[in-house]
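Residues per chain are reported as follows:
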Amino acid sequence: MGFRLPAIRRASFTASQAASKSSEVPKGYLAVYVGEKQKRFVIPISYLNQPSFQGLLSQAEDEFGYDHPMGGLTIPCTEDVFQRITSFLN
């Protein structure tokens, strides 16, 4: 599986506040839920085109298909693994 998007200006990684009641996601970003506690992260959509992130998307597809009940994309890995992968993309 691979998502191909046109090149987009790279932005820095932003973790949303877990207690935040705001569900708004800025233009050019995507909300994802990661880990056992389903912590919400807001990431640039440019990550979707990166091979290391596409591996996470493949895992999400294998585990959840296209049904993501949280309303955002659910990534089936630990927060540590997710943050390690996305830190290389910044």
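Here the structure is a predicted model, which is why all the values come from computation and not from measurement.

Novice: Which parts of the structure should I look at to understand helix α1 (residues 51-64)?
Specialist: Each full turn of the α-helix corresponds to 3.6 residues, which orients residues three or four apart in the same direction. Taking 1.5 Å as the rise per residue, α1 with 14 residues should run 20 Å; its terminal C-alpha atoms sit 20 Å apart, in good agreement. Taken as a whole, α1 has its buried residues at F53, Q54, L56, L57 and A60. Down the axis of α1, the buried side of the element spans an arc of 155 degrees, and every buried residue falls inside it. Across α1 from its buried face, at more than 90 degrees, point the exposed residues P51, D62 and E63. Buried residues in α1 make contact with β3 (39-44), β4 (73-75) and α2 (79-89).

Novice: What's the story with the confidence of the model for the chain in this structure? I'm lost.
Specialist: Interpreting fine coordinate detail is not advised for predicted regions of low pLDDT. On average, residues of the chain score 76 in pLDDT, and 70% of them reach the 70 mark or higher. In the model of the chain, strand β1 (residues 14-15) stands out as the element of lowest mean pLDDT, 44, in contrast to β3, which has the highest, 93. Note on residues 3-21: pLDDT is under 50 here. Beyond four places in sequence and across chains, it has 34 contacts.

Novice: Help me understand unusual backbone geometry in this model?
Specialist: Most peptide bonds take the trans configuration, and most residues that are not glycine carry a negative phi. If you check the backbone angles, Q38 has positive phi at about 55 degrees while not being a glycine. The residue Q38 is located in the loop between β2 (29-34) and β3 in this model.

Novice: Got a minute to help me understand the nonpolar core in this structure?
Specialist: Soluble globular proteins tend to bury their nonpolar side chains together. Ranked by size, the top nonpolar core spans 15 residues in total, and within it V32, V34, I43, F53, L56, I75 and F82 carry the most contacts. Mapped onto this core, the elements with two or more residues apiece are β2, β3, α1, β4 and α2.

Novice: Help me out: how do you make sense of the packing of α1 against α2 in this one?
Specialist: A pair of packed helices is characterised by two quantities: the angle between their axes and the separation of those axes. Between α1 and α2, the shortest axis-to-axis distance is 9 Å and the interhelical angle comes to 150 degrees. Between α1 and α2, the crossing angle belongs to the class labelled roughly antiparallel. Note on element contacts: α2 touches α1 through F82, I85, T86 and L89, opposite S52, F53 and L56. Grouping the amino acids of the contact of α1 with α2 by side-chain chemistry returns 5 nonpolar, 2 polar and no charged.

Novice: Even after reading the chapter, I still don't get the packing of aromatic side chains, so can you show me in this structure?
Specialist: In this description, an aromatic ring pair is defined by two values, namely the gap between the centres and the angle between the planes. One pass over the structure, following the stated rule, counts 3 aromatic pairs. With a centroid separation of 5.0 Å and an interplanar angle of 45 degrees, the aromatic rings of F41 and F82 are classed as tilted. Separated by 41 residues along the polypeptide, F41 in strand β3 and F82 in helix α2 bring together distant segments of the chain. Taken as a pair, F41 and F82 share a single burial class, namely buried. Considering the side-chain rings of Y47 and F53, the 6.2 Å spacing of their centres and the 55 degrees angle between planes classify their relative orientation as tilted.

Novice: Please clarify how α2 should be interpreted in this entry.
Specialist: What α2 keeps buried is the set F82, I85, T86 and L89. Summarising the axial view, the buried residues of α2 lie within an arc of 90 degrees, below the 170-degree limit, and thus occupy one face. Exposed positions of α2 whose direction lies more than 90 degrees from the buried face are D80 and F88. Check the buried side of α2 and you find it contacts β2, β3, α1 and β4.

Thresholds, definitions, all that
- Residues numbered from 1 in each chain as written.
- Predicted model: local features only at pLDDT ≥ 70, side-chain atom pairs only at ≥ 80, totals over all residues.
- Heavy atoms only, no water.
- Helix = DSSP H or I, 4+ residues; strand = E, 2+ residues; numbered from the N terminus.
- Expected span 1.5 Å × (residues − 1).
- Buried < 20%, exposed > 50% of the residue type's maximum accessible area, 1.4 Å probe, protein only.
- Arc of directions from axis to C-beta.
- Contact = heavy atoms within 4.5 Å.
- pLDDT = per-residue confidence, 0-100.
- Core = buried A, V, L, I, M, F, W, Y, C linked by side-chain atoms within 4.5 Å.
- Axes fitted to C-alpha atoms, helices over the stretch in contact; angles between N-to-C directions.
- Parallel < 35°, antiparallel > 145°, perpendicular 65-115°, else oblique.
- Nonpolar A, V, L, I, M, F, W, Y, C, P; charged D, E, K, R; others polar.
- Phe/Tyr/Trp six-rings, centres within 6.5 Å; stacked < 30°, edge-to-face > 60°.

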